[in-house]
Amino acid sequence: MLISATVLSSEFTAKQKAIIHNEAIRVLEQYQSLSNQLADNVFDPKELAKTSQSLIDLFVSRKAIVFNDLDPTYNLSEVYELETYVSNLLLWYPDGMKIDLDYNTLRAGDIIAHGNDIYTVDLLISKKINGNYLNKQQNTNTEQLLFRVAFYLTNRSFQNYKIAGIRSSKSNLQSNDAKLLTEVKSVDLTPKDMQLVMDQSRYIINDYLNFLSLITDPKEDEEDKIYYRMSFLELFTDSTLHIANDIEPDAKRRWIPVYEYKQNLSLFYPEGVRNIGMNVDSIEFGKVIPEGKRYGISIYADKFFAGRFKGETIHRDNSRYDFRISFERYENTFRDFKIASIDKLGVNLYEESASSEAKELPSIPVSTLKRGGLYFGIAMAAGATQLVDENLQSNPLLSWTVNGKSALNIHGVITYYLNNRIGISSGISYNRYSADIDLTGNFQNNTYFTDVNSEPYLLNISAAYDSTVNFSYLSIPLSILVHTNKKPNSWGAYIEAGVVASINFKSTYQVNGNFATSGYYEQYPAPMQTLDASELGFINDSNIDRSGDAALSPLHIALRSSVGITMPLNYFTTVFFGPEVYVSLNDIVKQSEYTDVFGGKTTPKSVGILNYGVKFGVKYKF
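The model shown is predicted, which means the values in this text are computed figures rather than measured ones.

Novice: Hey, could you run me through the packing of aromatic side chains in this one?
Specialist: To describe a pair of aromatic rings, one takes the distance between the centres and the angle between the planes. Under the defined criterion, the tally for this structure stands at 35 aromatic pairs. Look at Tyr321 and Phe323: their rings are 6.3 Å apart centre to centre, the planes differ by 50°, and that puts the pair in the tilted class. Look at Tyr321 and you get buried, because its relative accessible area is 1%. Take Phe323: its relative accessible area is 0%, and that puts it in the buried class. Between Phe327 and Phe334, the aromatic rings sit 5.6 Å apart at their centres with planes inclined by 80°, giving edge-to-face as the arrangement. With respect to burial, Phe327 and Phe334 carry one shared label: buried. Taken together, the ring pairs connect Phe12, Tyr119, Phe151, Phe158 and Tyr161 into an aromatic cluster. The residue whose ring lies beneath Lys15 is Phe572, and the NZ or CZ to ring-centre distance is 5.2 Å.

Shown next, in the form of structure tokens:
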């Protein structure tokens, strides 16, 4: 089992579990996609190499252990290291191998803590293979596999989801991959910095090999060996740390302290070590991992060793080792490189379970995150108002100018999604629209009036005034939302349409300017044809400044439509933006008849609002 692992599922909220499960599912989707891209790119070496590396990068380490589902007869090794698995895949399936993960069978296990803010979750899923093994045998096996997905906690969020290993659900092997899991917290260095780290790490390994050779060389003076032994110990972070015991045949202890390793070299090999070294071509570097105030990097290399154990039988060891190098960063450089551990790869990374009882497999049903459910949101739309007043156009003798002004809509939104695409939205809104209505010029009516003296005349108007109308409403919208994307954690488009019922909240008007009337008496001599005496009923208002409440209908019904884009901030929070349009369905003015500035009365015509703007909002799923 994993070292120092603690089950923590009960400590995570339902939303945290949903996020973790869905991020893990995304990793599986990438795994399936990249695996199938390998099959599609088999005849393109450049793309094949690029895709292979992308698949390897999906794992915490290229040393991750992967179940061998490549051999349809199960006659070969049960597991491989990741890089070996990928190499065999390309070699054994020259025409490519397609896979299909059945998400209907997906189950999740407990979320497990491994210390240092590292967590894992096991996913059980059915994987179906379709490929021609060695161009001799069709592999159509279906396996129930356990994918261990690792991630870590930083800044109160879980990040960097990677596959830590894959094993068969039928296997009795249990993973001891604590070291591999640390690579999920790897950091990216610049190429220059990475080269510096690798060079300094090589120097440490070279010193390690050189001092081993000098300590075991019988030709070296004993006084010099005292210095070599001290220098050897100084290569390590601590002389008491345990390293792989490769100097003892059939060793009962896998690890021994560094100081004991140093003593046993001379004790076990009095004739010296004949051959000790490292295959330079085999060296590979792992990822740089933060370790408190220091950093660590693994060097994977083939180390060979041969000597006459206690002067009797020859002991040989030629194995691959993990040299863990620790160092610190100081300003723009790296220093204090030390060996933190040495371990033999492939030993006990997977151990046979001693229990004959059936292992408990993941059993929690999971699925991709769905949009369905209740959301709360806020939104704001800013735009322009167009006032449509047919009454102002009913008299061709007058030239009214109507200019729409700003519009502002503030929404508190509640949306319930029936499924992944369709939702019903309502809430409460504050709407404010405004428009300017101007009358400027000299106008004459074509209908005769009579004055107090019963003299007929045509009414003249001289106007230079404007009025500003502000409409304020409290509204309850009801609309249907349709999304193009099923998953709320991906980009998509939406369309919304519905009706809005608005209650007149505080609508006002403001009038400024000049307005005067006079009479045209065509029956009088020319100098006396135009009269403006107030005794005859004519007016002359200058510097008008009046305001008050606008006489509007208490209820306004409008159609509302919007299209736009949705963008996820996280699994439960989405921002949306796009154009929005309101169109009045009923008359916004409360009036039984319309009286124009000439005093003519007609049956009132429709007065409505057209509002168009851009809406921006955010919504959160409960």
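Following the structure, the description resumes.
Novice: So what exactly am I meant to see when it comes to empty space enclosed by the protein here?
Specialist: A water-sized probe rolled over the atoms picks out the places where empty space is left. Within the structure shown, the criterion is met by six cavities of 30 Å³ or more. In this structure, the largest cavity encloses a volume near 190 Å³. Along the wall of the largest cavity there are 21 residues; nearest its centre are Val413, Ser425, Glu496, Phe576 and Lys615. Secondary-structure elements contributing two or more residues to the lining of the largest cavity are strand 19 (373–389), strand 20 (400–417), strand 21 (422–450), strand 22 (456–483), strand 23 (492–504), strand 27 (555–568) and strand 31 (607–621). Here the residues of the lining of the largest cavity are counted per class, giving eight nonpolar, nine polar and four charged.

Novice: Help me understand the packing of helix 1 (residues 14–40) against helix 2 (residues 45–57) in this model?
Specialist: To characterise two packed helices, one gives the angle between the axes of the helices and the distance between these axes. The N-to-C vectors of helix 1 and helix 2 enclose an angle of 155°; their axes lie 9 Å apart at closest approach. For the element pair helix 1 / helix 2, the angle class is roughly antiparallel. Between helix 1 and helix 2 lies a crossing of left-handed hand. Between helix 1 and helix 2, the residues in contact are Tyr31, Leu34, Ser35, Gln37 and Leu38 and Leu48, Thr51, Ser52, Ser54 and Leu55, respectively.

Novice: Please clarify how the side chain of Asn88 should be interpreted in this entry.
Specialist: Looking at the secondary structure, you find Asn88 in helix 3 (residues 82–92). The exposure class assigned to Asn88 is buried, which follows from its relative accessible area of 12%. Setting aside residues up to four positions removed in sequence, Asn88 forms contacts with Leu70, Tyr80 and Tyr93.

The rules behind the values
Residues numbered from 1 in each chain as written. Predicted model: local features only at pLDDT ≥ 70, side-chain atom pairs only at ≥ 80, totals over all residues. Heavy atoms only, no water. Phe/Tyr/Trp six-rings, centres within 6.5 Å; stacked < 30°, edge-to-face > 60°. Buried < 20%, exposed > 50% of the residue type's maximum accessible area, 1.4 Å probe, protein only. Lys NZ or Arg CZ within 6 Å of the ring centre and 35° of its normal. 1 Å grid on protein atoms, 1.4 Å probe; cavity = no way out; pocket = protein on both sides within 12 Å on 5 of 7 lines; lining within 4 Å. Points joined across faces, edges and corners; volume = space filled by probe spheres on them. Helix = DSSP H or I, 4+ residues; strand = E, 2+ residues; numbered from the N terminus. Nonpolar A, V, L, I, M, F, W, Y, C, P; charged D, E, K, R; others polar. Axes fitted to C-alpha atoms, helices over the stretch in contact; angles between N-to-C directions. Parallel < 35°, antiparallel > 145°, perpendicular 65-115°, else oblique. Left-handed = near helix turned anticlockwise from the far one by under 90°. Contact = heavy atoms within 4.5 Å.

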